[in-house]
Each structure stands twice: as C-alpha cells, then as structure tokens.
Amino acid sequence: MNLSEMVALTAQNIGVRDVFERAEQVAGENTAQAQWAQAEAAKMKSRLVRAINGAYMQAARTFFPLRMSENVALSQEGWVTGDKLSRRVVRYRSIQHEGRAQAFMQHGDGAEVFAPGGVMVRVTYDALPNALVQDDDAPEIGGGRLPGEALCLAAAAQYFAEDGQRSAAAFWDARYKDMLAQVRKDQWATLPGRVWR
C-alpha cells in the first residue's frame, strides 16, 4: 500500500473523504470556491501524511525495527557517529572489527567503541526509515508484514487525539493495537516447529 492509498483510507476512516471529493469536482476551475477546495484538500492531505509518518516512525521504533549494517571508519578517539551512517540510528546492535564483536557504549546517536581509533568496523543498528513523502512511497519496515492499513488506523487515532476527541482516538488506537497483535501473532505462528530428538 503506497502513501496516496494510505491517505485515502485514512480519510475514509475519519470521515473527511468529502474534502478530497470536493477538490476533485472543482479541479480545473478558476474560481474562488475551487481555490478554497484545493487549499482545504492540500491542508488535509498534509495533516494526514504527518499522522501516517508519525505512526510509521513509531512502528519502526517499537515493533518493526529496520535493521541495517554498514562498514565505517572509527574516529581517532574510537567513536562511531550517526552522521557517518546512511540512516538515523535508534539503537546499535553490534559493532565488529575483523569479525570479532567489540564492546561499545551508545551515547545518543553515537557509540564509543573500545577498539583502536581509525580502524574499519562493521556496524549493525536499528534505524528509522525515511519519511513517506511521494504518493508512490511505501513503508519499508516489517519485511512486508506490517500492513499499510495498520498505519492508517494509527493515523486516525492521532488525528482524533489532536482534535481532542479522546473516545474516537481510543477506538482507532484499540483497532491499531489489535491489528499489530494479530500481525505479531502471525509472525510467531509461521516459525517452524522445533524437533526434539
């Protein structure tokens, strides 16, 4: 499911599909009403994209980390910094030098490695994905296990929470958590059974 499909589903979930339909109906007209409808649709799309990306980043931090591995050179002081890596770091998993694990301490988006400075190391870390910005962007976390529908449910919950509608936000949040629980349950259900001999 790409970003434009998620925006449409979220709009349908929260009952604002008419904002986009009104803008489509007056598309191409050069009237004040058409300009107003286009501006309202653009504001709503921006708000929904922000909510979807918030849900996306939260899911990447909490449930479906994006695991990355890269080779980088340590600084002379023995540090790996987040700016040397291609993605924003959530958590370092391992740092290896010549195939051997190195002890390290994470400090923010950097890590102090107990190895000689200037050497090449292999860094494995959980990262935040890039935000969804283009209409055809699709989530890259969860290895295809995280359905876009789940992000739409979380975005609906965030939309209503921002508007102060707590009961509606709780409803959509409960549906989101139920879907995540099912996805995680299915993930564990697909593991091969252990054979004891």
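Caption draft 1: Molecular detail of the sheet that holds strand β4 (residues 100–101). With antiparallel pairing, the 4 strands of this open sheet are ordered in space as β1-β7-β3-β4. A strand with exactly one partner marks an edge of an open sheet, and here the two such strands are β1 (66–73) and β4. Bridging between strand β3 (residues 88–97) and β4 involves 2 bridges; their strand directions are antiparallel. What sits directly across from His97, in β4, is Arg100.

Caption draft 2: Local environment of the sheet that holds strand β6 (residues 110–113). If you trace the 3 strands from one edge of the open sheet to the other, you get β2-β6-β5, paired in antiparallel fashion. Every interior strand has two partners, whereas the edge strands, β2 (79–80) and β5 (104–107), have only one. Across 4 bridges, β5 lies against β6 in antiparallel orientation. Each residue of the ladder has a partner; that of Phe104, found in β6, is Val113.

Caption draft 3: How the structure looks around the packing of helix α1 (residues 3–14) against helix α4 (residues 148–162). Viewed as axis vectors pointing N to C, α1 and α4 meet at an angle of 50 degrees, and their least axial separation amounts to 9 Å. As the angle between them shows, α1 and α4 are arranged oblique. Seen from above, α1 lies across α4 with right-handed handedness. Along its contact with α1, which presents Met6, Leu9, Thr10, Asn13 and Ile14, the element α4 presents Gly148, Glu149, Leu151, Cys152, Leu153, Ala155, Ala156, Tyr159 and Phe160.

Caption draft 4: Focus on the packing of aromatic side chains. Scanning all chains against the criterion turns up 4 aromatic pairs. Note on Tyr92 and Tyr125: the rings are 6.4 Å apart at their centroids and 50 degrees apart in plane angle, and the pair reads as tilted. Placement of the pair is Tyr92 in strand β3 and Tyr125 in strand β7 (residues 120–128), with a sequence separation of 33 residues. Across the pair, exposure class does not vary: Tyr92 and Tyr125 are buried alike. The interplanar angle of 85 degrees and the centroid separation of 5.4 Å between the aromatic rings of Tyr159 and Phe160 together place this pair among those described as edge-to-face. Both residues of the pair, Tyr159 and Phe160, belong to the buried class. Through successive ring pairs, a cluster of aromatic residues spans Tyr92, Phe104 and Tyr125.

Caption draft 5: Representation of the packing of helix α2 (residues 17–25) against helix α3 (residues 32–62) within the structure. Contact geometry of α2 with α3 gives a least axis separation of 8 Å together with a crossing angle of 140 degrees. As the angle between them shows, α2 and α3 are arranged oblique. Where α2 crosses over α3, the two elements pack in a sense that is left-handed. Residues Val19, Phe20, Arg22 and Ala23 of α2 touch α3, and the partners they reach there are Trp36, Ala37, Gln38, Glu40, Ala41, Met44, Lys45 and Leu48. Of the residues assigned to the contact of α2 with α3, the class counts are 8 nonpolar, 1 polar and 3 charged.

Cut-offs and rules
Residue numbering note: each chain is counted from 1, following its sequence as written. Where totals are concerned, whole chains, interfaces and linings use all residues; where local detail is concerned, this predicted model gives features only for residues with pLDDT of at least 70, and gives and counts side-chain atom pairs only at 80 or more. Excluded from the side-chain calculation are hydrogens and water; included are all heavy atoms of the structure. In this description, strands pair whenever DSSP reports at least two bridges between them. Helix numbering and strand numbering both begin at the N terminus, where a helix is a DSSP run of H or I of at least 4 residues and a strand a DSSP run of E of at least 2. For helices, the fitted axis covers only the stretch in contact; all axes are lines through C-alpha atoms, and the angles between them, taken along N-to-C directions, range from 0 to 180 degrees. Just so you know how the angles are binned, under 35 degrees is roughly parallel, over 145 roughly antiparallel, 65 to 115 roughly perpendicular, and the rest oblique. Left-handed is the label given to a crossing in which the near helix is rotated counterclockwise from the far helix by less than a right angle, and right-handed is the label when the rotation is clockwise. Every residue pair with non-hydrogen atoms within 4.5 Å of one another is taken to be in contact. Each Phe, Tyr or Trp ring, with Trp reduced to its six-membered ring, pairs with another whose centre is within 6.5 Å; inter-plane angles below 30 degrees give stacked pairs, above 60 give edge-to-face pairs, and intermediate values give tilted ones. Burial classes: relative accessible area under 20% of the type maximum marks a residue as buried, over 50% as exposed, and values in between as partly exposed (1.4 Å probe, protein chains only). Side-chain classes follow a simple rule in which Ala, Val, Leu, Ile, Met, Phe, Trp, Tyr, Cys and Pro form the nonpolar group, Asp, Glu, Lys and Arg form the charged group, and the remainder, Gly included, forms the polar group.

Scope: geometric values only; no functional claims are made or implied.
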